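# Examining the three-dimensional arrangement
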Amino acid sequence: MENKVYPITFKKDEDYKIGGVSIPYLGEKYGTPLYILDKETLIFQAQKYINSWKKYYKNKYKVLFAIKALPILEVIRIFKNYGLGALVSTGGELYIALSANVPSEDIYFHGNAKTLKEIEYAIDQKVGAIIIDNFDEYEKIKYVLSKKDTKVKVLVRIIPNIEVNTHKSIRTGQTDTKFGLPIEQALVLIEKINTEKNIIFKGIHSHIGSQIFDISAYVKLSEVLSEVYKELNSKNITVEEMSIGGGLGVAYTKEDNPPDIEDLAREVSNKFSETIGHNFKLICEPGRSLVGRAGITLYRIESRKELGIRKYVSVDGGMSDNIRPSLYGAKYSALIITKGDREEIFSIAGKHCESGDILIKDFSGLWPNPGDYLITFTTGAYNFSMYTWYNATPRPAVVLVENGKDRIIVKRENYEDLLGGQI
Ligand SMILES: Cc1ncc(COP(=O)(O)O)c(C=O)c1O
Ligand SMILES: N[C@@H](CCCC[NH3+])C(=O)O
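In this convention, every chain numbers its residues from 1, walking through the sequence in written order. Key to labels: chains lettered from A, ligands numbered from 1, both in the order written. In view of the model being predicted, local features appear only for residues whose pLDDT reaches at least 70, and side-chain atom pairs are presented and counted only at 80 or more, with totals across whole chains, interfaces and linings using the full set of residues. The side-chain quantities take in all heavy atoms of the structure and omit both hydrogens and water.

## A few points about the environment of Tyr-299
Numbering of helices and strands runs from the N terminus; a helix is a DSSP stretch of H or I covering at least four residues, while a strand is a stretch of E covering at least two. Among the structural elements, Tyr-299 can be located in strand 14 (residues 295-306). Considered as a pair, Tyr-299 and Arg-288 are eleven residues apart in the sequence and their alpha carbons are 22 Å apart. Looking at Tyr-299, its side chain comes within polar contact range of the side chain of Asp-321, at 2.4 Å. In protein, a polar contact means a hydrogen-donor-capable atom and an acceptor-capable atom, both N or O and within 3.5 Å, with residues adjacent in sequence counting only if both atoms are side-chain atoms; elsewhere, any N or O pair within 3.5 Å suffices.

What follows is the structure, given as structure tokens:
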């Protein structure tokens with residue numbers, strides 16, 4: 001079976017390599033902790049999305065990279081070259097997407113608490129659509145437009161009432177959520193929008209959560225979207241676009257068996273064929289499933305400890321570069337590069353002043369020596385972007401590898417950067 005935890009080019013034959021480059025060599029050259037991204041895996045995942053929709057969806061579609069997962073210019077540029085747009089959730093993300101030269105019509109802006117300033121920025125930049133989350137946002141858009149001679153395209157985010165089996169902090173489609181409007185309220189909002197001449201209603205937006213393995217949740221979502229589509233059609237309101245959001249899961253451990261991107265495209269397309277046909281532009285917004293597998297993080301082992309109750313191995317990073325284990329109890333796979341040959345069970349701890357800063361609990365592997373390397377896998381999504389500088393920890397560098405070549409795409413912060421903005 002294909003190992004979905006490792007990046008496509010990862011090899012552990014004579015040396016440990018990614019993108020044809022020796023991983024210990026990268027550690028020597030750039031220092032640790034180090035985020036390493038495999039370009040081939042990024043491209044493979046992007047092409048999977050594009051080709052799968054092309055195969056099954058018989059009308060226009062657009063894949064928007066949810067840049068919150070990895071807001072790095074070079075990554076966004078790579079995806080743009082394969083025809084992907086960007087989904088942004090703040091003015092800052094919009095700025096990054098524009099700086100990566102994503103055409104503004106390929107940028108969609110969602111979020112439940114957009115400020116007037118962010119709305120004005122999005123309107124001035126002529127984004128592809130603002131995804132309206134609530135009535136107050138609609139009023140803010142009207143206010144901004146009242147000062148300008150311009151129009152804005154919008155989608156309206158609905159709450160589809162679908163519970164998914166993922167961590168409670170990353171579910172978004174259930175009845176009780178801060179994102180979107182119940183369908184009845186969304187319909188009222190859409191009727192209001194339709195009376196505005198400068199707010200152009202384009203369609204419906206939805207998103208059910210993140211790290212989802214169950215394709216049937218997307219099939220249910222497609223049914224819900226079809227019902228809303230029909231309801232609006234019956235009121236003579238045309239729905240040109242519908243978004244199924246992002247959320248497809250990835251494998252963090254060998255036990256994880258996420259569905260293929262192609263399964264998502266086939267099942268969703270089939271459902272729409274049964275219900276309303278492919279009469280609208282279909283949008284999807286993956287983040288994690290585009291970038292998660294492409295990333296690994298390289299650490300150095302700093303110290304070891306053998307307590308009666310447990311053994312600990314501590315590394316030179318931790319919750320600052322990967323907050324997911326402490327925040328969600330997320331599990332990761334790892335590998336230690338060592339000359340040691342003693343198999344042990346131990347916890348891998350970060351260096352931060354929190355007892356909860358444990359990257360992997362009860363890891364089973366070779367007992368290392370200080371100075372050895374540790375690799376954690378599937379760190380491409382929501383690691384760099386959720387970096388925290390707790391304990392005044394400079395942000396690690398990001399290096400991109402491809403065909404035996406490596407280059408820095410985000411510089412490592414230094415101590416002076418930590419003083420940035422401080423007076
Ligand atoms: C509206 C929306 N779309 C897309 C995404 C991307 O999600 P994921 O990284 O799980 O694919 C998110 C984050 O969950 C989101 O909030
Ligand atoms: N930050 C979350 C995903 C959030 C999705 C954003 N809507 C994670 O690391 O799993």
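## With respect to the UniProt feature "active site" (unreviewed entry) in the protein
Residues annotated by UniProt as "active site" (unreviewed entry) correspond here to Cys-353. Locating Cys-353 in the fold gives a position in the loop between strand 17 (343-349) and strand 18 (358-366). UniProt positions are given in the numbering used here, feature names are shortened, and annotations may be inferred rather than shown by experiment.

## Some words on the pairing of strand 21 (residues 405-410)
Here strand 20 (residues 397-402) runs beside strand 21; their pairing, made up of five bridges, is antiparallel. Paired with Leu-400 across the bridge in strand 21 is Arg-407. What sits between the antiparallel neighbours strand 20 and strand 21 is a turn of two residues, in which Asn-403 has the positive phi angle 50°. Should DSSP find at least two bridges between two strands, the strands are taken to pair.

## Overview of the pattern of salt bridges
Here, a salt bridge means any Lys or Arg side-chain nitrogen found within 4 Å of an Asp or Glu carboxyl oxygen. Here the structure, examined in full by the defined rule, presents 26 salt bridges. For the salt bridge of Asp-362 with Arg-310, the shortest nitrogen-to-oxygen distance reads 2.6 Å. A residue pair is termed long-range when its members are at least 10 positions apart, and Asp-362 in strand 18 and Arg-310 in the loop between strand 14 and strand 15 (311-315) qualify at 52 residues. Per-residue accessibility, obtained with a 1.4 Å probe over protein chains only, is compared with the maximum for each type, and a residue is labelled buried under 20%, exposed over 50%, and partly exposed between these values. Judged by its relative accessible area of 43%, Asp-362 falls in the partly exposed class. Salt bridges sharing common partners tie together Glu-306, Lys-311, Arg-342 and Glu-344.

## Topic: the site of ligand 1
Summary of the distance rule: residues count as near a molecule or strand when at least one heavy atom falls within 4 Å of that molecule or strand. Lining the immediate surroundings of ligand 1 are 15 residues, of which Ser-210, Gly-247, Glu-285, Arg-288 and Tyr-382 lie closest. The side chain of Ser-210 places a nitrogen or oxygen atom 2.4 Å from an oxygen atom of ligand 1. Interatomic distance of 2.8 Å between a backbone N/O atom of Arg-288 and an oxygen atom of ligand 1. The Shrake-Rupley method, run with a 1.4 Å probe, gives the accessible areas here. Residue values count only the displayed protein chains as cover. Protein burial of ligand 1: of its 390 Å² of free accessible surface, 94% is covered by the chains. Tallied by class, residues from the shell around ligand 1 come to four nonpolar, seven polar and four charged. Amino acid classes used here: Ala, Val, Leu, Ile, Met, Phe, Trp, Tyr, Cys and Pro are nonpolar; Asp, Glu, Lys and Arg are charged; the rest, including Gly, are polar.

## Focus on the pairing of strand 17
Within strand 17, five of the seven residues are buried, which leaves it mostly tucked inside the rest of the structure. Pairing of strand 15 with strand 17 involves three bridges; the strand directions are parallel. Its bridge partner lying in strand 17, Val-313 is registered against Ile-348. The sheet contact formed by strand 17 and strand 18 spans six bridges and is antiparallel. Paired with Ile-345 across the two strands is Ser-364, which belongs to strand 18.

## Details of the sheet that holds strand 2 (residues 16-18)
Pairing between the strands of a sheet comes from backbone hydrogen bonds, and it takes one of two forms, parallel or antiparallel. With antiparallel pairing, the three strands of this open sheet are ordered in space as 1-2-3. Every other strand in the sheet has two partners, leaving strand 1 (11-12) and strand 3 (21-22) as the edge strands with one partner each. When strand 1 meets strand 2, the two strands line up antiparallel, connected through two bridges. Bridge pairing links Lys-11 to Lys-17 in strand 2.

## Quick look at the UniProt feature "binding site: substrate" (unreviewed entry) in the protein
UniProt records the feature "binding site: substrate" (unreviewed entry) at Arg-288, Arg-324, Tyr-328, Glu-354 and Tyr-382, using the numbering of this structure. Maximum C-alpha separation among the annotated residues is 26.6 Å over a sequence range of 95 residues, too wide for a single clustered spot. Following the sequence through the fold, Arg-324 ends up in helix 11 (residues 324-328). By secondary structure assignment, the location of Tyr-328 is in helix 11. Judged by relative accessible area, which is 17%, Tyr-328 ranks as buried. Two residues form a contact once any of their heavy atoms are found within 4.5 Å. In this structure Tyr-328 touches His-167, Ser-169, Ile-170 and Met-386, once residues within four positions along its chain are discounted.

## Quick notes on the packing of aromatic side chains
Between two aromatic rings, the relevant description is the distance of the centres plus the angle of the planes. Here a Phe, Tyr or Trp ring, Trp counted by its six-membered ring, pairs with any other such ring whose centre lies within 6.5 Å, and the pair is stacked when the planes are under 30 degrees apart, edge-to-face when over 60, and tilted otherwise. Tallied over the full model, the rule gives twelve aromatic pairs. With a centroid separation of 5.9 Å and an interplanar angle of 75°, the aromatic rings of Tyr-35 and Phe-384 are classed as edge-to-face. With Tyr-35 in strand 4 (residues 34-38) and Phe-384 in the loop between strand 19 (373-377) and strand 20, this residue pair connects regions lying 349 residues apart in the sequence. For the pair formed by Tyr-35 and Phe-384, the shared burial category is buried. Seen from their ring centres, Tyr-229 and Phe-280 are 6.0 Å apart, and the 50° between their planes marks the pair as tilted. With Tyr-229 in helix 8 (residues 215-234) and Phe-280 in the loop between helix 9 (261-275) and strand 13 (281-284), this pair connects stretches of sequence that are 51 residues apart. Here Tyr-229 and Phe-280 have matching classes, each one buried. In this structure an aromatic cluster arises from ring pairing among Trp-53, Tyr-57, Tyr-229, Phe-272 and Phe-280. Of note, Lys-114 hangs over the ring of Phe-109, and the distance from its end group to the ring centre comes to 5.6 Å. Definition used: whenever NZ (Lys) or CZ (Arg) falls within 6 Å of the ring centre and also within 35 degrees of the ring normal, the charge is taken to sit over that ring.

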